[in-house]
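Here are the chains, one letter per residue:
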Amino acid sequence: MNLVDNIQSVKGIGEKNAQLLGKLGINTVKDIIFYYPRAYKKYSDPVSVSDTTEGERVAVFCKVVSYVESHKGRRYTITSLSAADSTGSIRMVWFNMPFLKSKFHKGELYIFFGTVKITGNMRVMEMPEYFTQFAYQKMLSTMQPIYPLKSGITNNLITRTVENVRPVIESIPEYLPDDVMAENSLMSRSQALLEMHFPESEEKLKDALRRIAFDEFLDFLVKIRMLKEKTVVEPNHHPISEEAIVKKDGFIAGLPFELTAGQKTAVDDIVGDLSSDHNMSRLIQGDVGSGKTVVAVIALLLNAISGYQGALMVPTEVLAVQHFDDISKMLKPYKISVRLLTGAMSSKEKREVYQELKSGKCQVVIGTHAIIQDSTEFQNLGLVITDEQHRFGVKQRDKLSEKGDSPHVLIMSATPIPRTLAIILYADMDISVIKDMPADRKSIKNCVVGTEFRPSAYSFIKKEVSAGHQVYVICPMVEESERSESENVIDYTDKLSSELGGNIRVTYLHGKMKEAEKNEILHKFIDKEIDVLVSTTVIEVGINNPNATVMMIENAERFGLAQLHQLRGRVGRGSAQSYCIFINVKKTQDSMERLKVLEDSNDGFFIASEDLRLRGPGDFFGIKQSGDMDFHVADIYTHSDMLRLAHDISLRFGTEFDGKIVL
């Protein structure tokens, strides 16, 4: 058995299981090896009931002191019992597990493991695991991997399958020289992969994560270096005309606002690039709301007037539609043909756009990944712009560039990456930074509070909605799961609707919804048909609603500072005063220190640097914090030391490792 073998070559995987695993993109032995756990469960020594605090994930050794109750609610069958030790009592609650009614009996002893909530004066554990004392003792020495799953697929199936390919993992070759591994305390490639799936200890898992992160960074940087070498020798096939530069000045003079100093510098950089002997390859890095889009529009204007086609690719259909509406109006006086291209359009609509692009009639196309599909052909593509580069990746960037004869490349990113790391990550690009904000923007007012502040927050939300504004509420989870400690969008929406009253329209949104459903909800929110949108981080990019003035983030301590700042950037986009409320559930000293950074500053670049300083080794049991680039494990903040090391190694060995890094 080897990496390229079909998954059915693995013991215990028949046709049915192979089809199930295929839903997860697992079709080969390699796929299962690189299908990493999303989290790890670690069991702790039991504590007294009286010593538990809200938000804490703990084990308690208790006696069942009541009969088991089971009744049907509106959405769930709820099964519950009371348990107690000598220090206090606690209520255990399970959803849609009615079979537990015959499992527990009054007077029996169990160890319950879960997250404590306090409702009124009562401690509650929702969806706790339960063990006999003997069974729990065995669990104390283990770390259980938890894999991303889909309907019909169990965690046990994944674990068993990985165990059966262990010999293949052990035979994966090492590409790094021994001295490099020894000098930098790097675990071997095969050992790191084994530890990812079967961690012996927390320390060994951290070492494994370091090594996997290093491999992902190095592979990325080797590819970036090859891109840079290609770009440097590429002559400018699409120089801009003098007429374009003159009309650009008129366009800027006609704007209803004055460009900031940062925007002016970025425009000058772009004009210089487009007029030079070589292709443009530039990153515009600006904080959320800094006005990168108007800079992109100026680049598209210069390109179109000079006789070339331009493409702007964005991560979501909703953002594509918003950009299309705005940019069409801005370019209309110059008689520039702008078209929209998204996956949700009908086949007939797409064919019309394809024909106009191929004939050259369409000068600017704005869309999603649909732009890089094989069906899309350009007559003379001179400029490609991608918004939020970290949502795409090197391969997609390459594919868009290949649509033309070496077009200019402009990347826009609001991800606040410290400059030292940005220089490494974007080694193939020149960088322009827009630091200042438009003059009409008011600073967002922030507050970090505990769960006891929720009633006040709900009252404030009512007040803002009654004033005609809209609200985002962010929750980490979609629905109740084994990690039920986090507020989740589905249950939270019910709870919030009840708290706010029937006059306020509350709707939820999450990434598991179909694209059409997500787009419909976002369009309704922009059109003011929804007052409060309860969402996962799916709205981190891809929506611009100037009427939204409040962002409330539940379990804020579970996110990285940079991601929280990105989420906060969904408000403060209009002229009204905006607010961000961070609900800190755990209230540890560490979480308070981290969130205080956000309370005191709206500067994304400062926050990114503080995130880097405060993260330390990172919390690999939490939610993955950044979706940057195409990394599965690597996080530019948590693993910044591995990014720097990968940079040094890529400089030392050049492209020698290209194709040797098994990912």
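Nothing here was measured: the structure is a model prediction, and the numbers come from that model.

(A) Seen up close, the overall build of the protein chain. A tally of helices and strands in the protein chain yields 22 helices and 22 strands. Counting every position in the protein chain, which comprises 663 residues, the buried fraction comes to 56%. Intrachain contacts of the protein chain at a sequence separation of at least 6 include 73% that bridge at least 24 residues. Entry remark: accessible area of the protein chain is about 28,200 Å², with carbon and sulfur atoms responsible for 50%.

(B) Main features of unusual backbone geometry. Of note in the backbone geometry, Asn-96 takes a positive phi value of approximately 55° without being a glycine. Considering the arrangement of structural elements, one finds Asn-96 in the loop between strand E5 (88-95) and strand E6 (109-119). Judged by relative accessible area, Asn-96 falls into the partly exposed class, the value being 44%. Residue Lys-528 is not a glycine yet carries a positive backbone phi of 70°. Among the secondary structure elements, Lys-528 is positioned in the loop between helix H18 (515-526) and strand E20 (532-535).

(C) Fine view of the layout of surface pockets. In this structure, the second largest pocket encloses a volume near 960 Å³. Looking at the second largest pocket, it is lined by 36 residues, and the ones nearest its centre are Gly-291, Thr-293, Arg-441, Asn-544 and Arg-573. If you list the elements that add at least two residues to the lining of the second largest pocket, you get helix H11 (292-305) and helix H12 (317-331). The greatest single-element share of the lining of the second largest pocket, amounting to 7 residues, is contributed by H12. Considering only residue class, the lining of the second largest pocket consists of 16 nonpolar, 10 polar and 10 charged.

(D) Region of the structure containing the sheet that holds strand E14 (residues 381-387). Strand order in the open sheet formed by 7 strands is E12-E13-E11-E14-E15-E10-E16, with parallel pairing between adjacent strands. Strand pairing shows two members of the sheet lacking a second neighbour, strand E12 (338-341) and strand E16 (430-434), which therefore form its edges. Taken pair by pair, the neighbouring strands of this sheet meet at an average axis angle of 20°, ignoring direction. One ladder, built from 5 bridges, connects E14 with strand E15 (residues 408-413); its direction is parallel. Counterpart to Asp-387 in the pairing with E15 is Met-412. Running at roughly 160° to E16, helix H10 (residues 261-275) makes contact with strand E10 (281-286), E15 and E16 of the sheet.

(E) Examining the sheet that holds strand E19 (residues 506-509) more closely. Across the sheet, 6 strands lie side by side as E17-E22-E21-E18-E20-E19; this open sheet has parallel pairing. Each edge of the sheet is formed by a strand with only one pairing partner; in this case those strands are strand E17 (445-449) and E19. Strand-to-strand twist across the sheet, computed as the mean angle between neighbouring axes with direction ignored, equals 15°. Here strand E18 (residues 470-474) runs beside E20; their pairing, made up of 4 bridges, is parallel. Bridged to Ile-474 within E20 is Ser-535. Across the sheet, H18 is in contact with E18, E19, E20 and strand E21 (548-553); its angle to E19 comes to roughly 140°. Lying over the sheet, helix H20 (residues 589-600) contacts E17 and strand E22 (579-583), oriented at roughly 165° with respect to E17.

(F) Up close: the side chain of Gln-577. Along the chain, Gln-577 turns up in the loop between helix H19 (561-568) and E22. Within the structure, Gln-577 has its side chain in polar contact with the backbone oxygen of Ser-443 (distance 2.8 Å). Aside from chain neighbours lying at most four places away, what touches Gln-577 is Lys-442, Ser-443, Ile-444, Lys-445 and Thr-549.

(G) Representation of the pairing of E5 within the structure. The element E5 is extensively covered by neighbouring structure, given that 6 of its 8 residues are classed as buried. Sheet topology places strand E4 (residues 77-85) next to E5; 8 bridges connect them, and they run antiparallel. When the bridges of E5 are listed, Ala-84 appears paired with Ser-89. Note: E5 against strand E7 (residues 122-126), 3 bridges, orientation parallel. By the bridge assignment for E7, Arg-91 is matched with Val-124.

(H) Region of the structure containing the packing of helix H9 (residues 242-253) against H11. At their nearest, the axes of H9 and H11 sit 9 Å apart, and the two run at 145° to each other. For the crossing formed where H9 meets H11, the hand is right-handed. Contacts between H9 and H11 involve Glu-243, Ala-244, Ile-245, Lys-247, Lys-248, Phe-251 and Ile-252 from the first element and Val-297, Ile-298, Leu-301, Leu-302 and Ile-305 from the second.

(I) Quick look at H11. Here H11 spans 20 Å end to end across 14 residues, near enough to the 20 Å set by a 1.5 Å rise per residue. Counting buried residues along H11, 13 of its 14 residues qualify, which places the element largely inside the surrounding structure. A positive backbone phi angle near 100° is found at Gly-307, which sits one or two residues after H11.

(J) Quick look at the nonpolar core. One finds Phe-214, Phe-217, Leu-218, Val-365 and Ile-385 to be the most contacted residues of the largest nonpolar core, which totals 96 residues. Counting residues per element, this core draws most heavily on H11, at 11 residues. Ignoring anything within four residues of it in the chain, the contact list for Phe-217 reads Phe-631, Ala-634, Asp-635, Ile-636, His-639, Met-642, Leu-643 and Ala-646. Counting 36 residues, the second largest nonpolar core, distinct from the first, contains Met-143, Ile-158, Ala-208 and Val-662.

(K) Main features of the environment of Ile-417. Tracing the chain through its elements places Ile-417 in the loop between E15 and helix H15 (419-425). The class of Ile-417 is buried, set by a relative accessible area of 1%. When neighbours within four sequence positions are excluded, Ile-417 is seen to be in contact with Gln-285, Ala-422, Leu-425, Tyr-426, Phe-605, Ala-608, Ile-636 and Tyr-637.

(L) Main features of the side chain of Thr-115. Locating Thr-115 in the fold gives a position in strand E6. Relative accessible area serves as the criterion here: at 4%, Thr-115 is assigned to the buried category. Among the polar contacts made by the side chain of Thr-115, one reaches the side chain of Arg-57 at a distance of 3.3 Å.

Cut-offs applied
- Throughout, a residue's number is its position along its own chain's written sequence, starting from 1.
- The predicted nature of this model means local features are confined to residues of pLDDT at least 70 and side-chain atom pairs, given and counted, to a pLDDT of 80 or more, with totals for whole chains, interfaces and linings taken over all residues.
- With hydrogens and water excluded, all non-hydrogen atoms of the structure serve as input to the side-chain values.
- Here a helix means four or more residues in a row that DSSP labels H or I, a strand means two or more in a row labelled E, and each is numbered from the N terminus.
- Exposure categories follow from relative accessible area, calculated using a 1.4 Å probe and restricted to protein chains: below 20% of the type maximum is buried, above 50% is exposed, and the middle band is partly exposed.
- Working rule for contacts: check all heavy atoms of both residues, and any pair within 4.5 Å makes them a contact.
- To be clear on the numbers: accessible area is Shrake-Rupley with a 1.4 Å probe, and residue cover counts the displayed protein chains and nothing else.
- Whether a set of points on the 1 Å grid over the protein atoms alone is a cavity depends on a 1.4 Å probe fitting there but being unable to get out, while an open set qualifies as a pocket with protein on both sides within 12 Å along at least five of seven lines; lining residues are those with an atom within 4 Å of a point.
- Grid points are joined across faces, edges and corners, and a volume is the space filled by probe spheres set on the points.
- Residue polarity is assigned by list, with Asp, Glu, Lys and Arg as charged and Ala, Val, Leu, Ile, Met, Phe, Trp, Tyr, Cys and Pro as nonpolar; anything else, Gly included, falls into the polar class.
- Strand pairing is defined by DSSP finding a minimum of two bridges between the two strands.
- Comment: axis = line fitted to C-alpha atoms, over the contacting stretch for helices; angle = value between 0 and 180 degrees taken between N-to-C directions.
- Whenever a nitrogen or oxygen atom comes within 3.5 Å of another N or O atom, the pair is scored as a polar contact, on the condition that within protein one atom can donate a hydrogen and the other can accept it, and that pairs from neighbouring residues in sequence are kept only if both atoms are in side chains.
- When the near helix sits turned anticlockwise from the far one by under a right angle, the crossing is termed left-handed; a clockwise turn instead gives a right-handed crossing.
- Multiplying 1.5 Å by the residue count of a helix minus one yields the expected span of that helix.
- For this analysis, a nonpolar core means a set of buried residues of the types Ala, Val, Leu, Ile, Met, Phe, Trp, Tyr and Cys, connected via side-chain atoms within 4.5 Å.

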